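Summary of the model geometry
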Amino acid sequence: MIMETTNRRTPVNIVSSFFFYMWNYWSEEECRQVFGWNYQHFWGKWCAFCKPSSFGAAERFYSELDMSNQEAIVNRACECYDRDHKIIK
């Protein structure tokens with residue numbers, strides 16, 4: 001049985017949306033959108049995790065966030081993506 005959230009997204013859909021967002025849409029401007037005035041701190045963390053390559057950066061970045069920041073980035077990912085379909089322009 002697959003769990004469904006109140007917005008009809010399954011956990012698999014949410015995780016997929018997060019990764020497609022991070023792989024295809026994440027940028028300094030998106031970081032500013034998600035984290036507001038403190039975005040430069042988070043952008044610096046992201047850039048550090050991308051060196052020497054971006055392999056695994058999304059996972060490491062997410063694991064370093066506290067719960068409220070994890071929620072913020074996942075919420076934004078779900079605003080932008082529905083699994084692998086971009087839903088905003």
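Now for a quick tour of the structure.

Cut-offs applied
- Residues numbered from 1 in each chain as written.
- Predicted model: local features only at pLDDT ≥ 70, side-chain atom pairs only at ≥ 80, totals over all residues.
- Heavy atoms only, no water.
- Axes fitted to C-alpha atoms, helices over the stretch in contact; angles between N-to-C directions.
- Helix = DSSP H or I, 4+ residues; strand = E, 2+ residues; numbered from the N terminus.
- Parallel < 35°, antiparallel > 145°, perpendicular 65-115°, else oblique.
- Left-handed = near helix turned anticlockwise from the far one by under 90°.
- Contact = heavy atoms within 4.5 Å.
- Nonpolar A, V, L, I, M, F, W, Y, C, P; charged D, E, K, R; others polar.
- Buried < 20%, exposed > 50% of the residue type's maximum accessible area, 1.4 Å probe, protein only.
- Polar contact = N/O pair within 3.5 Å; in protein donor to acceptor, adjacent residues only side chain to side chain.

In this section: the packing of helix H3 (residues 39–49) against helix H4 (residues 57–64). A pair of packed helices is captured by two measures, namely the crossing angle of their axes and the spacing between those axes. One way to put it is that H3 packs onto H4 with a least axis distance of 9 Å and a crossing angle of 140°. As judged from the angle between their axes, H3 and H4 are oblique. H3 and H4 meet at a crossing whose hand is right-handed. Residue-level contacts link Phe-42, Lys-45, Trp-46 and Phe-49 of H3 to Ala-57, Ala-58, Arg-60, Phe-61 and Glu-64 of H4. Across the contact of H3 with H4, the residue classes break down as six nonpolar, no polar and three charged.

Bringing the environment of Cys-80 into the picture now. Locating Cys-80 in the fold gives a position in helix H5 (residues 67–80). Sequence separation between Cys-80 and Tyr-21 is 59 residues, and the spatial gap between their C-alpha atoms is 6.9 Å. Contact partners of Cys-80, with chain neighbours within four places excluded, come to Tyr-21, Tyr-25, Glu-30, His-85, Lys-86, Ile-87 and Ile-88.

What follows deals with the side chain of Ser-17. Within the secondary structure, Ser-17 sits in helix H1 (residues 11–24). Among the residues examined, Ser-17 registers a relative accessible area of 0% and is labelled buried. Within the structure, Ser-17 has its side chain in polar contact with the backbone oxygen of Tyr-81 (distance 3.3 Å).

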